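Residue strings, one per chain:
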Amino acid sequence: MSDPSYEIVIGLEVHVQLQTATKLFCRCSTRFGAPPNTQTCPVCIGLPGSLPVMNRQAFELALKTAVALNCEIPAFTKWDRKQYYYPDLPKGYQISQFDLPMSQHGYLEISDAKGAFAPKRVGILRAHLEEDAGKSMHDELAGKADSRIDLNRTGTPLLEIVSQPDMRSPEEARAYLTELKLLLTYLGVSDCNMQEGSLRVDANINLHVATPQGTVATPIVEVKNMNSFRAVERAMAFEATRQFDVWNDTRISLGAPGGHKTTRGWDEQAQVTRPQRQKEESSDYRYFPDPDLAPVIVTDQQLDAVRASLGELPAALRDRLQTERGIDAYDADVIVNQGRAFVDYFSELADIGGDAKRASNWMQQDVLRVLNERDLTIELFPISPASLAELLKTVQRGELDTSRARDVFNVMAESGDSAAQAMQRLGIQAVHRDELRDLCRELLDANPNVVADVQSGKEKAIGALIGQAKRRNPNANPNQVRQLCLELIRQQGSAQE
Amino acid sequence: MSIHDLTATELIRRLESGDLSSVEVVQAFLKRIEQGDGRVRAFVRVEANRALSAAERIDQRRRGGESVGRLGGLPVAVKDVICTEGQATTCASKMLQRFTPPYDATVIRRLKQADAILIGKTNMDEFAMGGTTESSALATTCNPWDLARVPGGSSGGAAACLAAGMVPLSIGSDTGGSIRQPASFCGVNGLKPTYGRVSRFGLIAFASSLDQIGPLARNAEDLALLLEVLAGHDPSDSTSANVPVPEYSRLVSQPLDGLTLGVVREHFGEGLDSQVQEAVREALRVYESLGATVKDISLPHSRYAIATYYIIACCEASSNLARYDGVHYGYRTDETAMLADLAAEQRALTSRGDSPLLDDLDSPLVRMYRQTRSEGFGAEVKRRIMLGTYALSHGYYDAYYVKALKVRRLIRNDFDAAFREVDLIAGPVAPTPAYRLGEKTEDPLAMYLGDLYTVSANLAGICALSVPCGLNGQGMPIGLQLQGPLLDEQRLLRAARMYQTVTDWHTRRPEGF
Ligand SMILES: [Zn+2]
């Protein structure tokens, strides 16, 4: 968004595989990674005479998502056949939804905690269910243009979520995807694994260019083959610049001759988009209602049950953490974005430890660091909230300084020890106040220059003594050393007067 | 009376009493097939050995005092549009000539559970598209009453084998009259159940919203018996009706008191053969003599039925048959030859420097699709795929498909109104008796018009049957059609049975069989 003479317009189509045990219209498993063509049956390979039967669970997961996306859910929805020929589409049509999708007209709120853009609502045009196609693997070795087809994926339930063209920057596009993925993860409807193809993104992008004659739209480009959210962000940035260059060269606007929609693919290696082969004929999918399937009726009771089952969703959770826990928007965002289990851990830690702000800091810095280093999820984190709370209380009471506490934390994370056990392992014990007073006295005697500095108002000079104290006794609490030293100097001063 | 003259109901009585063994019954029918099917060619495959060993097992079980199913030991012929596990199921098409399904249709499972013996698969119009069985890519079936005439279709083999006494029971499928019309042409009984009454799982689809499997038999009692085995809810078919199945075989013998038959004014207009009309009128008089009232009714939208039917059926067919693309199963064009042709075309265009044509040249995949489908389908199938594809195309969808759906609704409303006034609707099955082989093959429109009286039942989803009600001057059978309200097959069967207690048309057999 560097060039103010145009506005970027982005709409996203996201295909999400729903986490069902079985496929949308048959009982085959949807497990990823099985040997090719081992998870198939007459229905999903489209053998003559086979018939589809809708998987209720898939429809319920789709409903859940649609409700969470604030969509309108019509009482009546039906299945349509989208017809085209391709070797990985064994029936010659895909069962999808055309003119009466199961949900439409919703929205998703996005924002950026660092303020890269103002919070906004991205409209959801529609979300509909359909079956996935199989996978073609093209093997062009030795001049043999053979293709292999794996139909394991055929019939896996997909929810296609189509946004309005409401995003105005690559950052917004990425934020939308991140928030959508978070929502889907909170709902537990999909694992959103882009590598395994359970979340796929296509983008439509063009520019609104300001000209002396008014705003002009450039031709829409559909961008495919983006394998990460970062790739989407980069592809959008690349496309915006490219389209602006093309506009400057050609002045071809949307709908003008040569201004029809085209398709480009993102080349991750080269970080550019490249034109994809256009289909010769304009595609006519000849949609019509699938006569093998009954329409689906959604009742109000069903919708109520779905609403009740949603649980607290990310946007509400962020608000609640701010108001109830008193942490700021940025912190709430980081915590909520880590997922529901992370939030639960945080809440328990804050409850037991009694200090939400401290809990939040430790979660974001230390807990997240360990999770990232060890590639763990919070569910597998070795320190229980109660144990961590125990450690934080020790810090709060001033018995342990932060850097020492971090040592203890690391031992706990490594060994699974309680805070007390870890402290023992590290030989940390509370130093008796008299012992500490003696140590401070010795240090002051040995460093008259420091005493003089402090007496002349440079309290900072005390710092030199803290280091020495820790060297003589690692368990010495720096705060206590500071206080004792200051106290002793003051006593000396008053004794001299 | 010899075995092949007995009805299914009588055969079962004798099998149960021990008068006959299943092996004897199966052997008798296999012999009939051997003697007669060279002339009729009703079967595309006869499973003699399989049938005999199945019969032996049934006999053993009976002798051992075990209980056996409703059709225990009785041979049944199956139209080759219904999937049978491990046995070829071809739809009488080159496309599926070598296709063997890995599963049984639900009706086949039900037949097996009832201990029926599957004796063979019967010929049909390719993919059930046609009214004469002439569009079969495998064989031409002849009408046992006159071998120069068509048996009707698409279940021509199913009706012909029954008429020729080669089986006591047969199952077919009816999309626009494909059970009733061949039953009437061959002088046997055939019933199209209410849409949803019999599972379509394993029935190779022609037009999914119209297709229905149903029984063909020697009389109404046998129809009832077989329907009772076939019918019932199937969770594998989302369009299957989840309602209880009446005991047709017990109910069938109960006459209907105060029966009111509706006669559709529009059915007695232009195009109806006078001898057919007379036979139907006579059948109505028989009903009156049994105490029934005959009432004139109108189905005002029936004149749009043919157009509506052919749009909907072809649209669905164009989609249902898309899967036959040579990729996963079934016929595929000779790839080596195809690739060689393509390479030659490419060379020729390159040397001519014709780059626009070169750009338009098929990819190997597209050429494989084109050639496979061109070679694998017959003319009638291609005609309907093209009609359906056209009608579903962008810009035509509303004018054809959507309008057809609206008219379909009106046709259904007509029936709903009619059935508030009458119990059943009676009339002809087809405008004429069986015509000569080849007579209409060049005139598809004339053939489509032959479905005039039967397609409405499929469009409305109601049940209907055909019973023999006369012979014309040339000795060809004529059928009476009875149509009943949704799910009211028992009323149809009882009415048919009433008629057959006082008439003997259903007992007539073609000469030479
Ligand atoms: Zn499957």
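Residues numbered from 1 in each chain as written. Chains lettered and ligands numbered in written order. Predicted model: local features only at pLDDT ≥ 70, side-chain atom pairs only at ≥ 80, totals over all residues.

Our next topic: the overall build of chain B. Along its length, chain B carries 18 helices and eleven strands. What you see for chain B is a C-alpha radius of gyration of 23 Å, in line with the 24 Å of a compact globule of 513 residues. By the burial criterion, 58% of the 513 residues in chain B qualify as buried. Residue pairs in contact within chain B that sit at least 24 positions apart in sequence constitute 77% of those at least 6 positions apart. (Helix = DSSP H or I, 4+ residues; strand = E, 2+ residues; numbered from the N terminus. Rg over C-alpha atoms; globule rule 2.2 N^0.38 Å. Buried ≥ 20, exposed ≤ 12 C-beta atoms within 10 Å, placed from the backbone. Contact = placed C-beta atoms within 7 Å.)

What follows concerns the domain arrangement of chain A. Each assigned domain of chain A is listed with its residue range as follows: domain 1 (6-300), domain 2 (312-425) and domain 3 (433-496). Here domain 1 of chain A and domain 3 of chain A have C-alpha centroids that lie 67 Å from each other. (Domains from an automatic or database assignment.)

Before going further, it helps to examine the confidence of the model for chain B. For chain B, per-residue confidence averages 97 on the pLDDT scale, and 100% of positions sit at 70 or higher. The ipTM, which scores confidence in the relative placement of chains, is 0.96 for this predicted complex, and the corresponding pTM is 0.91. (pLDDT = per-residue confidence, 0-100.)

Residue and element names in this part refer to chain A. Pairing is antiparallel across the open sheet formed by three strands, whose spatial order is β4-β3-β15. Edge strands, defined here as strands with exactly one partner in the open sheet, are β4 (93-96) and β15 (288-289). Direction of pairing for strand β3 (residues 80-83) relative to β4: antiparallel, over a ladder of four bridges. Across the sheet, residue Gln83 finds its bridge partner in β4, namely Tyr93. (Pairing = 2+ DSSP bridges.)

Residues and elements named next belong to chain B. Read across the open sheet, the eleven strands follow the order β1-β3-β2-β4-β6-β5-β10-β11-β9-β7-β8; overall the sheet is mixed. The open sheet is flanked by β1 (43-46) and β8 (293-297), the only strands paired with a single partner. Each strand axis lies, on average, 30° off the axis of its neighbour in the sheet, ignoring direction. Of the pairings in the sheet, the one linking strand β2 (residues 75-79) to strand β4 (residues 169-173) comprises three bridges and is parallel in character. Residue Val76 lies in a different strand from β4, and its bridge partner there is Leu169. This element, helix α3 (residues 48-63), spans β1, β2 and β3 (117-122) of the sheet and lies at about 160° to β3. Against the sheet, helix α7 (residues 220-230) contacts β4, β5 (189-192), β6 (213-217) and β10 (463-471), and its axis sits at roughly 150° relative to β6. (Axes fitted to C-alpha atoms, helices over the stretch in contact; angles between N-to-C directions.)

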